[in-house]
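The lines below spell out each chain.
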Amino acid sequence: MHLLNPFRMNDWDNRTFFWAFQAFQLLFVVVVSLSLVGYPIPIAREALAFLYLTFLPGILVLKALRLHNLGTIETVLYSVGLSLAALMITGLVANIAYPLLGYVRPFSFEILFLTIIAVVQVLLYLALTRDREHADVNSVRPDISIPPAAPFLMVLPFFAIIGTYMRNEYHMVTLLFLLLVLIAIIGLVVGFDRLIPASCYPLAVYTIALSLLYHTSLISGYVWGYDIHHELHLVNSVLVPGLWDMTIPYNTNGMLSVVALVPIYSLICDLDPVWVFKILYPLLFALVPLGLYRAIEKQTNAKIGFFSIFFFVSFFTFYTEMISLARQQIAELFLALTVLAMVDKSMDQGRRAFLMVTFGFAMIVSHYGLSYIYLFSLIPAWLLLVFPEYLPAGIRERLRGMSGTMISDPLAPQGTTPKPRIRTLVLPYILVFAILTYLWYSTVAEGTAFATIAGIGDKIVTTLFAESFNPTTVQGMHILTSQSITPLHSLAKVVHIATQGLIAVGLLATLLRRERWRIEPEYLAVSLVFLLINVAGIIVPFFASSLNTSRLYHITLIFLAPFAVIGGIALYEAVVQRIHAVRTFPFMGTAYQALSVFFVVFLLFNTGLIYQIVDDSPTSMALETAGDKPVFNGKEVQGAKWLFSEASGRPIYVDGTRWWLLLGFDPDHQRYLPANASLVEPNSYLYFGTYNVVKESVRIEVQEHAVTAAAYTDAGRFIRDQNRIYDNAGSVVYYR
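Rules and cut-offs
- Residues numbered from 1 in each chain as written.
- Predicted model: local features only at pLDDT ≥ 70, side-chain atom pairs only at ≥ 80, totals over all residues.
- Heavy atoms only, no water.
- Helix = DSSP H or I, 4+ residues; strand = E, 2+ residues; numbered from the N terminus.
- Expected span 1.5 Å × (residues − 1).
- Buried < 20%, exposed > 50% of the residue type's maximum accessible area, 1.4 Å probe, protein only.
- Pairing = 2+ DSSP bridges.
- Axes fitted to C-alpha atoms, helices over the stretch in contact; angles between N-to-C directions.
- Contact = heavy atoms within 4.5 Å.
- Core = buried A, V, L, I, M, F, W, Y, C linked by side-chain atoms within 4.5 Å.
- Salt bridge = Lys/Arg side-chain N within 4 Å of Asp/Glu carboxyl O.
- Phe/Tyr/Trp six-rings, centres within 6.5 Å; stacked < 30°, edge-to-face > 60°.
- Lys NZ or Arg CZ within 6 Å of the ring centre and 35° of its normal.

Q: An account of helix H22 (residues 521-539) is requested, with residue identities and associated values reported.
A: With 19 residues, H22 extends 27 Å between its outermost C-alpha atoms, agreeing within 8% with the 27 Å of an ideal straight helix rising 1.5 Å per residue. Buried within H22 we find Glu522, Tyr523, Leu524, Ala525, Val526, Ser527, Val529, Phe530, Ile533, Asn534, Ala536 and Gly537.

Printed below as a string of structure tokens:
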């Protein structure tokens, strides 16, 4: 008797697969039924529903495609991506078809539950009929030997969960401190080849990513941040009527990652949408680093892959801004899967094309910003790939020789040999992606996503030559030229600039020594374009501010992160060749040791741990419990709910931070608090949150081109001649 790998169900023989699948499905249906009749089993429905929705549809699609022996990591990643795509398409079709058949609430539990079960049965039939000949079980025996490091790595997310609970309930951040220190230690021990073997790197990547996400997402019992409040409003606008109104003219309303996927998870898992955002989406988003790790490892080696992802997840945007951008979380997962399929030259061309087009469409319906950036990078990247074909024969042969041969994949099935190089970034794929982008964005949500990009383009063109390098119009330039608040923060800026220098050096080293750094041509071509996008964020007016500079840099790191590691190795080797004594310095024995120290310092700055320890203008959302942050307590939420139940469409004034909380209830009636109190309209409401009440201060924001300036002023001058009509000791509402 041997164990079967549950993460590779598509590799099981059909008989075993069928009965195991039906057993799990029956268990899922029974647990849901018990919950409906008043006998819920704690956590069981949520866990089983999440596994059912997230893995099984994708496993069936992989089996229908007859994709086998992909390996555990690829099987998990592709099955999750295909499942999410299937769920979004199911929600879209149900929203269109059921009202035509007389069912006016397609997003209700009963209809969705039966629909998803039916869709899964159809996929099961297709999988078993198309893959009827498959009976290979030799490659699915899991390695039951567990390295000592594995249990330790698996505990990390629980440190984040318990640590955030203690922070929320008792304002104690000791465990969160410990968590960040442990993650830093992991980075060091990998660099020094201690304790954690290469076989544990994928687990380390996922648990580190999930821990960093949970250590911020789980603070507060409500969603926190910025755009996510509007996303929550749109989710509720689907759940309350049971129907998605695709004509509402908001960009986000056209994103199925919000208006279809969240309602499906919420209804089937019986979870409030708030907890779908805070618990389930981080579980999915943490797969992005895992997918990127695998794509990088296939081209380089495990250690470069690990440090590339350690750098990627250390950047603060990953676990701060991205927490409040659910739609981009899902879109980045599809981009990571697209990258993985792009660099996998061993897959059959037709199946790879299916995966890339499917993930591309899913990216388009998940986030417009990321899709536009990816689309506009594909065209110049394709030109870079085809340009050598038009060079003289002698130069073309030399370039072909510089490209080297494919390296062996350490996780590939034994006995397989690399196939000849084939191009995966081709013009038909780009055209299909462009057509799908245009069709979706120009029709859904009144075409607002298409109009937005057109407006941004027009603004860039009209100011390109007149306003270049102007810090008020170029957000990236403003960040570089602005004065840091303390010397320690200035040092952090230097560290950030150093990472971009390493990326530039790494790209140059890759281009000059293709025989050593055998990065796939498609990956390298897109990376060169992404470097130009980085530069554009610093010099092109209104370019970076359309997303936010930190988000733009985070997106470019999806491709550029490994070049920071390659650049570090190249610099280290260049220095050692000239100064041999460098190897004797502490932490400088190898390039990986030096890089591990550098990236750990980068992590400590970005998480705010250093600032917190020395009490130097702390920045951490998780570690700093004081200060004015877009993190809201129950009383503030309760006050906002009361206000919108009584406001009757009148204007509601709120300061710059609390504005995001109210955005989650009704974005049409709130106003920014003006600097001049006399400009507040009569017959309007004024909402104060806990910070406003305790500190007697409000945040006033002023927009100058692409830069937002903020200042705090006395709250008292706004409440003169105002009537206090609501007060729950955490939020106050005034009426004038």
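Q: Go over the sheet that holds strand S6 (residues 723-727), please, and point to the residues and values.
A: Backbone-to-backbone hydrogen bonds join strands into a sheet, with any given pair of strands oriented parallel or antiparallel. Taken together, the five strands give an open sheet; going across it, the order is S2-S1-S3-S7-S6, and neighbouring strands pair in mixed fashion. Looking at strand neighbours, the two that pair on one side only are strand S2 (670-672) and S6, the edges of this open sheet. Pairwise comparison of adjacent strand axes, ignoring direction, gives a mean angle of 30° for this sheet. Running over the sheet, helix H26 (residues 634-646) touches strand S1 (652-654), strand S3 (685-688), S6 and strand S7 (732-735) and is turned about 170° from S3.

Q: A description of unusual backbone geometry should follow, citing residues and the corresponding values.
A: If you check the backbone angles, Asn69 has positive phi at about 55° while not being a glycine. Secondary-structure assignment places Asn69 in the loop between helix H2 (44-64) and helix H3 (72-100). The phi dihedral of Glu696 is positive, around 50°, even though this residue is not glycine. Residue position: Glu696 is located in the loop between helix H28 (690-695) and strand S4 (697-704). In this structure Glu696 comes out as exposed when scored by relative accessible area, which is 55%.

Q: Mind laying out the nonpolar core, listing which residues take part and the relevant values?
A: Core analysis: the largest hydrophobic core is formed by 224 residues, its most contacted members being Tyr78, Tyr265, Ile268, Phe306, Phe334 and Trp440. For this core, the element with the most residues is helix H23 (residues 549-578), which contributes 15 residues. Among the nonpolar cores identified, the runner-up in size contains twelve residues, and Val680, Phe688, Val698 and Val732 belong to it.

Q: Give a detailed account of the pattern of salt bridges, specifying residues and quantitative values.
A: Applying the stated criterion across every chain, the model contains 19 salt bridges. Between Glu297 and Arg294 there is a salt bridge, and its shortest N-O distance comes to 3.0 Å. Of this pair, Glu297 and Arg294 both sit in helix H12 (residues 287-299), three residues apart, which is roughly one turn of that helix. Take Glu297 and Arg294: they sit in the same class, and that class is buried. The partner of Glu573 in a salt bridge is Arg516, and the shortest N-O contact between them spans 2.7 Å. Here the residue Glu573 occupies a position in helix H23, and Arg516 occupies one in the loop between helix H21 (487-512) and H22, the gap between them amounting to 57 residues. Residue Glu573 is classed as partly exposed on the basis of its relative accessible area of 27%.

Q: I'd like a rundown of the packing of aromatic side chains, residues and numbers included.
A: For the structure on display, the rule yields 40 aromatic pairs. Centroid distance Phe306 to Phe307: 5.4 Å. Interplanar angle 80°. Geometry classified as edge-to-face. Phe307 shares its class with Phe306; the two are buried. For the pair Phe315 and Phe316, a centre-to-centre distance of 4.8 Å together with 55° between the ring planes defines the contact as tilted. By relative accessible area, which is 3% here, Phe315 ends up buried. In this structure an aromatic cluster arises from ring pairing among Tyr201, Phe306, Phe307, Phe310 and Tyr592. If you follow Lys63 out to its NZ or CZ, it ends over the ring of Phe17, 5.1 Å from the centre.

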